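Structure at a glance
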Amino acid sequence: MRIKTLKEFIAKKKYVAVTYDSESQKKLREWAIENGFDLTKSYNGEEQDPKDFEFHTTIFFTTNEVNLPNKKIKVDPTDVSIQGIKFLGENEDIPVLKLELSGKLKELREQYEDLGLEDQWPSYQPHISLSYAKEKRDVSKIKIPTFTPKYDIIAISDIKD
């Protein structure tokens, strides 16, 4: 049995997300590029190769400190349901695939709510970000993907101040 370090006992603000499996990453990347979404910017604004864009769905970005260990949890591939395309962010310039909050995704969100996590956003809007290049354009003619993305990892990490 491993002895926990002091750092593991100290509560921190946490980021909880699901990451999509390799097949979904490939399909989402191809679909995003075909539809003109810029995958060359990372979340923090740095340049990146489009193949490094990681499609994910944030479950929580906490405002409170919680005692939850950092880890990646492998889960059975789990479907999410795409509902449409919209823009989020302070300036509504981050294009996303809007997801239905139901099934396992809803259960996962509720599980972390029950653990006392408090979210940065006033209302949870599950989504898959399509670009961080801060673009606003007409997406009304873009058809949503015909495939069903599946996540297979739940990732928990500290939020860096």
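Reference entry: report on the structure contained in this document.

Parameters at a glance
Residues numbered from 1 in each chain as written. Predicted model: local features only at pLDDT ≥ 70, side-chain atom pairs only at ≥ 80, totals over all residues. Heavy atoms only, no water. Helix = DSSP H or I, 4+ residues; strand = E, 2+ residues; numbered from the N terminus. Pairing = 2+ DSSP bridges. Axes fitted to C-alpha atoms, helices over the stretch in contact; angles between N-to-C directions. Polar contact = N/O pair within 3.5 Å; in protein donor to acceptor, adjacent residues only side chain to side chain. Contact = heavy atoms within 4.5 Å. Buried < 20%, exposed > 50% of the residue type's maximum accessible area, 1.4 Å probe, protein only. Expected span 1.5 Å × (residues − 1). Phe/Tyr/Trp six-rings, centres within 6.5 Å; stacked < 30°, edge-to-face > 60°. Lys NZ or Arg CZ within 6 Å of the ring centre and 35° of its normal.

Another point: the environment of F53. One can find F53 in the loop between helix 2 (22-34) and strand 2 (56-66). Residues F53 and R29 lie 24 residues apart in sequence; the distance between their C-alpha atoms is 7.9 Å.

For the rest of this paragraph, the subject is the pairing of strand 1 (residues 12-20). Sheet analysis places strand 1 next to strand 2, joined by seven bridges and oriented antiparallel. When the bridges of strand 2 are listed, K12 appears paired with V66.

Right, let's get into the sheet that holds strand 5 (residues 94-99). The sheet built from three strands is open, its strands ordered 4-5-6 with antiparallel pairing. Each end of this open sheet is capped by a strand with a single partner; those strands are strand 4 (82-88) and strand 6 (127-129). Strand-to-strand twist in this sheet, taken as the mean axis angle between neighbours without regard to direction, amounts to 30 degrees. Where strand 4 lies against strand 5, six bridges are found, and the strand directions are antiparallel. What sits directly across from F87, in strand 5, is P95.

On the secondary structure map, S24 appears in helix 2. At 2.9 Å, the side chain of S24 and the backbone nitrogen of K150 are in polar contact. Each residue touching S24, except ones within four places of it in the same chain, is listed here: T148, P149 and K150.

As for its placement among the helices and strands, Q25 is situated in helix 2. When near neighbours in sequence (up to four residues on either side) are disregarded, Q25 contacts T19, Y20, F53, E54 and F55.

With a phi close to 50 degrees, E92 is a non-glycine residue in the positive phi region. Tracing the chain through its elements places E92 in the loop between strand 4 and strand 5. In this structure, K134 takes a positive phi of about 55 degrees despite not being glycine. Judged by its relative accessible area of 57%, K134 falls in the exposed class.

Our next topic: helix 2. An ideal rise of 1.5 Å per residue puts 18 Å on 13 residues; helix 2 measures up with 18 Å between its terminal C-alpha atoms. Listing the buried residues of helix 2 in full gives S24, Q25, L28, R29, W31 and A32. On its buried face, helix 2 is in contact with strand 1, strand 4, strand 5, strand 6 and strand 7 (150-158).

To continue, consider the sheet that holds strand 1. Read across the sheet, four strands follow the order 2-1-7-3 without closing on themselves; strand pairing throughout is antiparallel. Looking at the sheet topology across the chains shown, the edges are occupied by strand 2 and strand 3 (71-79). In this sheet, adjacent strand axes meet at a mean angle of 15 degrees when their direction is disregarded. Looking at chain direction, strand 1 and strand 7 are connected through seven bridges and run antiparallel. Paired with V16 across the bridge in strand 7 is I156.

Okay, the packing of aromatic side chains next. In total, this model carries seven aromatic pairs according to the counting rule given. When the ring of W31 is compared with that of F37, the centres are 5.8 Å apart and the planes differ by 20 degrees; the resulting orientation is stacked. The pair formed by W31 and F37 is uniform in burial state, with each residue classed as buried. Judged by centre distance (5.7 Å) and plane angle (50 degrees), the ring pair of F61 and W121 falls under tilted. Of the two residues, F61 sits in strand 2 while W121 sits in the loop between helix 3 (103-114) and strand 6, which places them 60 residues apart along the sequence. Taken together, the aromatic side chains of Y43, F53, F55 and Y132 make up a single cluster linked through ring pairs. A cation over an aromatic ring shows up here: R109 above the ring of Y124, its NZ or CZ 4.1 Å from the ring centre. Its end group placed over the ring of F37, R137 keeps NZ or CZ at 4.3 Å from the ring centre.

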